[in-house]
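Analysis of the macromolecular model
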Amino acid sequence: MVFLALLFYITQAFSQRGKGDVVYLKNGSIINGQIVSLLPNGQVKIKTRDNSLWVFESAGIDSIRKSFNIRKITSIQSGFFNLTEAGILTGNSNNSKKAPFSLINICGWKFNNRISAGVGTGVEFLNETYLPVLADFRYYLKRQGGNPFFGIQGGYNIALEKPDRIYSDPIMNYSQGYYLNSTLKMKANGGFLLNPMVGICTSLGGNLAFTISAGYRIMRNRYSRADEYKIDIDYSRLSLKVGLLLQ
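Calculation notes
- Residues numbered from 1 in each chain as written.
- Predicted model: local features only at pLDDT ≥ 70, side-chain atom pairs only at ≥ 80, totals over all residues.
- Heavy atoms only, no water.
- Buried < 20%, exposed > 50% of the residue type's maximum accessible area, 1.4 Å probe, protein only.
- Helix = DSSP H or I, 4+ residues; strand = E, 2+ residues; numbered from the N terminus.
- Pairing = 2+ DSSP bridges.
- Core = buried A, V, L, I, M, F, W, Y, C linked by side-chain atoms within 4.5 Å.
- Salt bridge = Lys/Arg side-chain N within 4 Å of Asp/Glu carboxyl O.

This paragraph deals with the pairing of strand β8 (residues 115-125). Covered by surrounding structure in β8 are Ser116, Gly118, Gly120, Gly122 and Glu124 only, the residues Ile115, Ala117, Val119, Thr121, Val123 and Phe125 on the alternate face being uncovered. Note: strand β7 (residues 101-110) against β8, nine bridges, orientation antiparallel. Note on β8: the bridge partner recorded for Cys107 is Val119. Bridge count for β8 against strand β9 (residues 129-140) is nine bridges, and the pairing is antiparallel. Among the inter-strand pairings, Ala117 is bridged to a residue of β9, identified as Phe137.

Right, here's the structure in full:
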């Protein structure tokens, strides 16, 4: 009966996110945290606020209750993660593209020492459409509720289309003594990017978390022509992004 009661409680508990769990033991101890799972042998696994995992036998549990005043716990433990971030790369009013859209998906591994490392790709709409290929590193601070982090991304932007610009240069015709106009299209070659950032990660319950971040994006995109003429365009943008983390 105790096992069935616990099973019923666990089912109800996972359907009610945003609440804390309180386990009352028969020896008088009270454990506050978040129930992670019910093991096949009837044991209950609960994570406390300091991210410690405790396992209790059902026979030693007096009762389990919900508490509405316990904050959500952001998990810091090793394992695979997938992060999808969307946002803008905002510039000043003189930029031709004031706030181009950015969408990046990152897959990687989060270590229990609060460091994560991953690789990602996506799409960004600058003067041309680009495919960013990057590495992502983050350090999470160990706190309850919202979990601040520092991070950095670095990689290369691959141009997916030709630029709209067409440059025209005068060319001297020495035999006739006058200039001719030569119109040659530029080719977008992409370039390197670097994006340090700060943000916060908040648990949504279960394996999901919500992230929000602000950073400083530095990019250099190169253009070239058939006559070996080259132009480097440097971008300095404020990156503002929100994300959904599956871990």
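The next thing to look at is the nonpolar core. Counting 21 residues, the largest nonpolar core has Cys201, Met219, Tyr223 and Leu245 as the members making the most contacts within it. Elements that contribute at least two residues to this core include exactly β6 (79-90), β7, β9, β13 (187-205), β14 (208-224) and β15 (230-246). Here this core takes four residues from β13, the largest share from any one element.

Quick look at the pattern of salt bridges now. Within this structure, the stated rule accounts for five salt bridges. The shortest N-O distance in the salt bridge between Asp136 and Arg138 comes to 3.0 Å. Taking the relative accessible area as the measure of exposure, Arg138 reaches 3% and is therefore buried. Of the charged contacts, one joins Arg220 and Asp234 as a salt bridge, the two residues approaching to 2.7 Å between their closest N and O atoms. Here the residue Arg220 occupies a position in strand β14, and Asp234 occupies one in strand β15, the gap between them amounting to 14 residues. For Arg220, a relative accessible area of 43% puts it in the partly exposed group. Assessed through its relative accessible area of 48%, Asp234 is described here as partly exposed. It is possible to trace a salt-bridge network through shared partners that takes in Glu85, Asp136 and Arg138.

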